[in-house]
Amino acid sequence: MEQTFVILKPSTISRSLVGDIIERYQRKGLKIAGVKMMQLDEKILREHYAHLVDRPFFPLLLKSMMATPVIVMVLEGKDAVSVVRTMTGATNARLAAPGTIRGDFGMSGQENLVHASDSVENAKIEVARFFRPEEIFNYDLITASAIYSPDEMN
Ligand code: IDP
Ligand code: MG
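Surveying the vicinity of ligand 1 reveals the residues Lys 9, Tyr 49, His 51, Leu 52, Phe 57, Leu 61, Arg 85, Thr 91, Arg 102, Gly 109, Gln 110 and Asn 112. Between ligand 1 and Arg 102 there is a distance of 2.9 Å, counted from an oxygen atom to a side-chain nitrogen or oxygen. A distance of 2.9 Å separates an oxygen atom of ligand 1 from a polar backbone atom of Gln 110. Protein contact buries 76% of the 520 Å² of open area that ligand 1 shows by itself.

Shown next, in the form of structure tokens:
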């Protein structure tokens, strides 16, 4: 099954929304393959947000992402990358659709609660950047047959 990478950003930690947001992923039927708390530093953020380092808001983004520890997760499921991006909503939370995490919990373009990988290729890179192989677990959800039809379980 496909894996994607999620960060519960400092905005989620600071607002005590960790449980609400993880609950959404679990209710959807996604499996938690890995989860841990960590303090991000400038080095890993310059890699993770390499596409943004030249943007004027980058210093503010760095500060925001280092403001508290974060929770990083590997979520697994059929088409997990696109499913989780859809659940995430538009970058600017003020414009994000109701029903999405950013749309339901946020008011900011920067403090937008979660990061989610934007492609299968980037998900693989991001999982490897933030997790050691032994921190990712291979197990079956006993509810899988109620989440998927047999021909969807591959
Ligand atoms: P994404 O998180 O929706 O994939 P990206 O364009 O990859 O959006 O940007 C990464 C993060 O950088 C955003 O989630 C947000 O926290 C921050 N960011 C992006 N654009 C802006 C902006 O115009 N102002 C402030 N922060 C921004
Ligand atoms: Mg992005």
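Moving on from the model shown.
As summarised here, the arrangement of the four strands in space is E2-E3-E1-E4, forming an open sheet in which the pairing is antiparallel. Of all strands in the sheet, those with a lone pairing partner are strand E2 (31-38) and strand E4 (114-116), marking the two edges. In this sheet, adjacent strand axes meet at a mean angle of 20° when their direction is disregarded. Here strand E1 (residues 2-8) pairs with strand E3 (residues 70-77) via seven bridges, running antiparallel. Counterpart to Gln 3 in the pairing with E3 is Glu 76.

Attention now goes to the nonpolar core. Among the nonpolar cores identified, the biggest contains 20 residues, and Val 6, Leu 8, Ile 21, Tyr 25, Met 73 and Leu 75 are the most heavily contacted of them. When residues of this core are traced back to their parent elements, those giving at least two are E1, helix H2 (18-28), E3, helix H5 (80-88), helix H6 (101-105) and E4. Once residues within four sequence positions are removed from consideration, Tyr 25 is found in contact with Val 6, Leu 8, Leu 30, Met 73, Leu 75, Val 84, Met 87, Ile 101 and Val 114. Phe 5, Phe 58, Leu 62 and Met 65 belong to the second-largest nonpolar core, a separate cluster that totals 19 residues.

Attention shifts here to the environment of Asp 20. With respect to the secondary-structure elements, Asp 20 resides in helix H2. On a C-alpha basis, the gap between Asp 20 and Ile 101 in space is 9.5 Å, while along the polypeptide they are 81 residues apart.

Bringing helix H4 (residues 58-65) into the picture now. A turn of α-helix holds 3.6 residues, and therefore any two residues three or four places apart point the same way. When H4 is considered as a whole, its buried residues turn out to be Phe 58, Leu 61, Leu 62, Ser 64 and Met 65. Here the buried residues of H4 occupy an arc of 165° about the axis, which is enough to place them on one side. Counted as exposed and oriented over 90 degrees from the buried face of H4: Pro 59, Leu 60 and Lys 63.

With five of seven residues buried, E1 is to be regarded as a mostly interior element. Taken together, the three bridges between E1 and E4 define a ladder with antiparallel strand orientation. Bridged to Val 6 within E4 is Ala 116.

Looking at H5, one finds that the buried residues are Ala 80, Val 81, Val 84, Met 87 and Thr 88. Projection of H5 onto a plane perpendicular to its axis shows the buried side chains occupying an angular sector of 135°, all on one side. On its buried face, H5 sits against E1, H2, E3, H6, E4 and helix H7 (120-130). Immediately beyond the C-terminal end of H5, within one or two residues, lies Gly 89, with a positive phi of roughly 90°.

Moving on to the packing of H2 against H5. Any two packed helices are characterised by the angle at which their axes cross and by the distance between the axes. Relative to each other, H2 and H5 sit at 135°, their axes nearing to 12 Å. Classified by the interaxial angle, the pair formed by H2 and H5 is oblique. The way H2 lies across H5 gives a crossing that is right-handed. Mapping the contact onto sequence places Arg 24, Tyr 25 and Lys 28 in H2 and Val 83, Val 84 and Met 87 in H5. By residue class, the composition of the contact of H2 with H5 is four nonpolar, no polar and two charged.

Basis of the calculations
Residues numbered from 1 in each chain as written. Chains lettered and ligands numbered in written order. Predicted model: local features only at pLDDT ≥ 70, side-chain atom pairs only at ≥ 80, totals over all residues. Heavy atoms only, no water. Near = heavy atom within 4 Å. Polar contact = N/O pair within 3.5 Å; in protein donor to acceptor, adjacent residues only side chain to side chain. Areas by Shrake-Rupley, 256 points an atom, 1.4 Å probe, with all protein chains shown as cover. Pairing = 2+ DSSP bridges. Helix = DSSP H or I, 4+ residues; strand = E, 2+ residues; numbered from the N terminus. Axes fitted to C-alpha atoms, helices over the stretch in contact; angles between N-to-C directions. Core = buried A, V, L, I, M, F, W, Y, C linked by side-chain atoms within 4.5 Å. Buried < 20%, exposed > 50% of the residue type's maximum accessible area, 1.4 Å probe, protein only. Contact = heavy atoms within 4.5 Å. Arc of directions from axis to C-beta. Parallel < 35°, antiparallel > 145°, perpendicular 65-115°, else oblique. Left-handed = near helix turned anticlockwise from the far one by under 90°. Nonpolar A, V, L, I, M, F, W, Y, C, P; charged D, E, K, R; others polar.

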